[in-house]
Amino acid sequence: MKITCNVIKDCLPLYIEDMLSDDSCAIVESHVTECEECRNHLNEMRTFNVIPVDRNASPFKKIKSTLFKKKILTIIFSVMFSLVLFIVAINFLTAPEYNPYSERSVTIKEISNGLVLANFEDNVHGYDIYSYPTDDNTGYIYHIITWNSIWNRNVKKSITKNTLINPNLEKVVAVYYYQANGNEDILIYGKDINPDGGIVTLPSLFLAYYATIAIVFAIICGVFMLIVYRNKKVLNISIKVFLLPVSYLLAHLSIRGFISSSYTATRDFFAILFIMIPIYIALLILVNIIRFHKNKS
Ligand SMILES: [Zn+2]
């Protein structure tokens, strides 16, 4: 049988590893001295084998750092996700549960020198109050409500201190109790400024406007992303911008659900902004992780 180059090439890996018998070794060596092609091949295999670690180091390191990065991202994602759950839970537990007027949770009485005091019952955890001047500018009209919360009822039973309604001695014309349920406000102090028809305190709608703006903004970004789809750099930036209104809307859903009118709009708005930050970070990481998997496949 003729010993061809192919036979020698098959033997070279074993030759390098010193795993050939002496006879086979002699055949390989004698062939290699005469055949330049096989000699070159052997030299190539040797350099590759002597410094395999160095040769492979950079892709190897890359894989290692990619895995490390992925691990870090996963950890941050979990932390952000937990943070969101935590804030949602706290918000839910401390959210105001309005006391209906029937519970007589607050009484208003004048103490000396025209100062008017709001006297709260023990079940009151907090109160909201807003005021505006009368049409003839002779004094102020006040609307007050009291509330409790799951947290306060079950965990920390704090009692709201009595408070002065007019610390600067404004003239108190009337104080109404509003019920935050669409029913008429009830006069609890002073004279009824509107004896003919009832006053109803309506929930604030500004969260609805903000949510609408976010939806419109997200749609515009979405359309823009479809247009610049081929330009990876612009697409990356527009994804980051697109995730902002998306985070806001997710935050709104977490805090308010699908309801956008609120009697606690300011409180809700700050909770939404607060929760939007970890949601945004989590979404950015999610996009990165998806990209990892896409690159892999
Ligand atoms: Zn050969």
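Draft legend 1. Structural view of the overall build of the protein. Within the protein one finds 8 helices and 8 strands. By the compact-globule yardstick of 19 Å for 297 residues, the protein is too spread out, its C-alpha radius of gyration being 37 Å. Seen through its principal axes, the protein has C-alpha atoms that stretch 120 × 45 × 30 Å. A separation of at least 24 residues holds for 63% of the contacts in the protein among residues at least 6 apart in sequence. Just so you have it, the protein exposes about 19100 Å², and 63% of that area is on carbon and sulfur atoms. The centroid of the 28 positive side-chain charges in the protein is displaced by 4 Å from the centroid of its 25 negative side-chain charges.

Draft legend 2. Here's a closer look at a nonpolar patch on the surface. A contiguous nonpolar surface patch, about 420 Å² in accessible area, is contributed by Phe68, Ile72, Ile76, Ile277 and Ile281. Taken together, the elements giving at least two residues each to the nonpolar patch come down to helix H4 (52–94) and helix H8 (265–296). With 3 residues, H4 is the single largest residue contributor to the nonpolar patch.

Draft legend 3. Layout of the coordination of the zinc ion. Listed as protein donors to the zinc ion are Cys5 (SG), His31 (NE2), Cys35 (SG) and Cys38 (SG); their distances from the metal cover 2.0 to 2.4 Å. Angles of 101 to 117° at the metal separate the 4 donor atoms of the zinc ion, which places the site in the tetrahedral class. Between consecutive donor residues of the zinc ion, the sequence gaps follow C-x25-H-x3-C-x2-C. Overall, His31 belongs to the buried group, its relative accessible area being 15%.

Draft legend 4. Summary view of helix H2 (residues 22–34). Counted at 1.5 Å a residue, the expected span for H2 with its 13 residues is 18 Å, and the 19 Å between its end C-alpha atoms agrees. Looking at H2, one finds that the buried residues are Cys25, Val28, His31 and Val32. Seen end-on, H2 carries its buried residues on one side only, within an arc spanning 135°. Exposed positions of H2 whose direction lies more than 90 degrees from the buried face are Asp22, Asp23, Thr33 and Glu34.

Draft legend 5. Seen up close, the domain arrangement of the protein. When cut into domains, the protein gives domain 1 (5–50), domain 2 (59–94 + 204–296) and domain 3 (98–190). One C-alpha centre belongs to domain 2, the other to domain 3; they are set 39 Å apart. With 5 residues of domain 2 in contact, the opposing surface of domain 3 contributes 9 residues. Together domain 2 and domain 3 conceal approximately 620 Å² of surface at their shared face, both sides included; 69% is due to carbon and sulfur atoms. When residues of domain 2 are sorted by the area they lose upon contact with domain 3, Leu93, Thr94 and Tyr263 head the list and together hold 79% of the total. Here domain 2 is connected to domain 3 by 0 salt bridges. Taken together, the links from domain 2 to domain 3 amount to 2 residue pairs in polar contact (both at pLDDT 80 or more). Residue composition of the side of domain 2 that touches domain 3, grouped by class: 3 nonpolar, 2 polar and no charged.

Draft legend 6. Quick look at the packing of aromatic side chains. Counted by the stated rule, this structure contains 12 aromatic pairs. Centre to centre, the rings of Tyr101 and Tyr177 are 5.5 Å apart; their planes meet at 50°, and the pair counts as tilted. Placement of the pair is Tyr101 in the loop between strand E1 (97–98) and strand E2 (106–110) and Tyr177 in strand E7 (residues 172–177), with a sequence separation of 76 residues. Note on accessibility: Tyr101 and Tyr177 belong to one class, buried. Among the aromatic residues, those joined into a cluster by ring pairs are Tyr98, Tyr130, Tyr132, Tyr178 and Tyr263. In this arrangement the basic side chain of Lys232 is found over the ring face of Tyr229, its NZ or CZ atom lying 5.9 Å from the centre.

Draft legend 7. A positive patch on the surface, seen in detail. Taken together, the side chains of Lys232, Lys240, Arg291 and Lys294 make up a positively charged region of the molecular surface. Listed by contribution, the elements that provide at least two residues to the positive patch are helix H7 (232–256) and H8.

Draft legend 8. Summary view of the pairing of E2. Taken together, the 5 bridges between E2 and strand E3 (residues 116–120) define a ladder with antiparallel strand orientation. Looking at E3, one finds that Val106 is bridged to Phe120. Hairpin remark: E2 followed by E3, antiparallel, with 5 residues in the connecting loop; positive phi at Asn113, about 60°.

Thresholds, definitions, all that
Residue numbers restart at each chain and count upward from 1, following the sequence in its written direction. At least 70 in pLDDT is required for a residue's local features to be given in this predicted model, at least 80 for side-chain atom pairs to be given and counted, and no such filter applies to totals for whole chains, interfaces and linings, which use all residues. With hydrogens and water stripped out, all remaining heavy atoms of the structure feed into the side-chain values. Comment: elements are numbered from the N terminus, with helices defined as DSSP H or I runs of at least four residues and strands as E runs of at least two. The reference for a compact globule is 2.2 Å times residues^0.38; the radius of gyration itself is calculated from the C-alpha atoms. Note on contacts: a residue pair qualifies if any of its non-hydrogen atoms lie within 4.5 Å across the two residues. Accessible surface area values rest on a Shrake-Rupley calculation with a 1.4 Å probe, where residue burial reflects the displayed protein chains alone. The charge count includes Lys and Arg as positive and Asp and Glu as negative, but it does not include His or the ends of the chains. We put the charge of a Lys on NZ, of an Arg on CZ, of an Asp on CG and of a Glu on CD. What goes into a patch is any residue over 30% in relative accessible area without a salt bridge, connected to like charges within 9 Å or, for nonpolar side chains (Val, Leu, Ile, Met, Phe, Trp, Tyr), within 5 Å. Basic side-chain nitrogens of Lys or Arg form a salt bridge, by our definition, when they fall within 4 Å of a carboxyl oxygen of Asp or Glu. Distances decide who is a donor: an N, O or S atom must be within 2.8 Å of the metal, or within 3.2 Å for Na, K and Ca. Water is not included, so sites may look incomplete. Geometry is assigned from the angles between donors: four donors with all angles from 85 to 135 degrees make a tetrahedral site, four or six donors whose opposite pairs exceed 155 degrees while the rest stay between 65 and 115 make square planar or octahedral sites respectively, and everything else is labelled irregular. Exposure categories follow from relative accessible area, calculated using a 1.4 Å probe and restricted to protein chains: below 20% of the type maximum is buried, above 50% is exposed, and the middle band is partly exposed. Expected span of a helix: the number of residues minus one, times 1.5 Å. By definition, the arc is the one covered by directions from the helix axis to the C-beta atoms. The domain boundaries here were taken from an automatic or database domain assignment. Summed over both partners, the accessible area (1.4 Å probe) lost when two parts come together is defined as the buried area. Think of a polar contact as two N or O atoms within 3.5 Å of one another; within protein, one of them needs to be a possible hydrogen donor and the other a possible acceptor, and neighboring residues in sequence only count if both atoms come from side chains. Only Asp, Glu, Lys and Arg are considered charged in this grouping, and only Ala, Val, Leu, Ile, Met, Phe, Trp, Tyr, Cys and Pro are considered nonpolar; every other residue, Gly among them, is considered polar. Note on aromatic contacts: the rings of Phe and Tyr and the six-membered ring of Trp form a pair at centre separations within 6.5 Å, being stacked when their planes are under 30 degrees apart, edge-to-face when over 60 apart, and tilted otherwise. Geometrically, a charge over a ring is one whose NZ (Lys) or CZ (Arg) sits within 6 Å of the ring centre while staying within 35 degrees of the ring normal. Any two strands are treated as partners once DSSP identifies two or more bridges connecting them.

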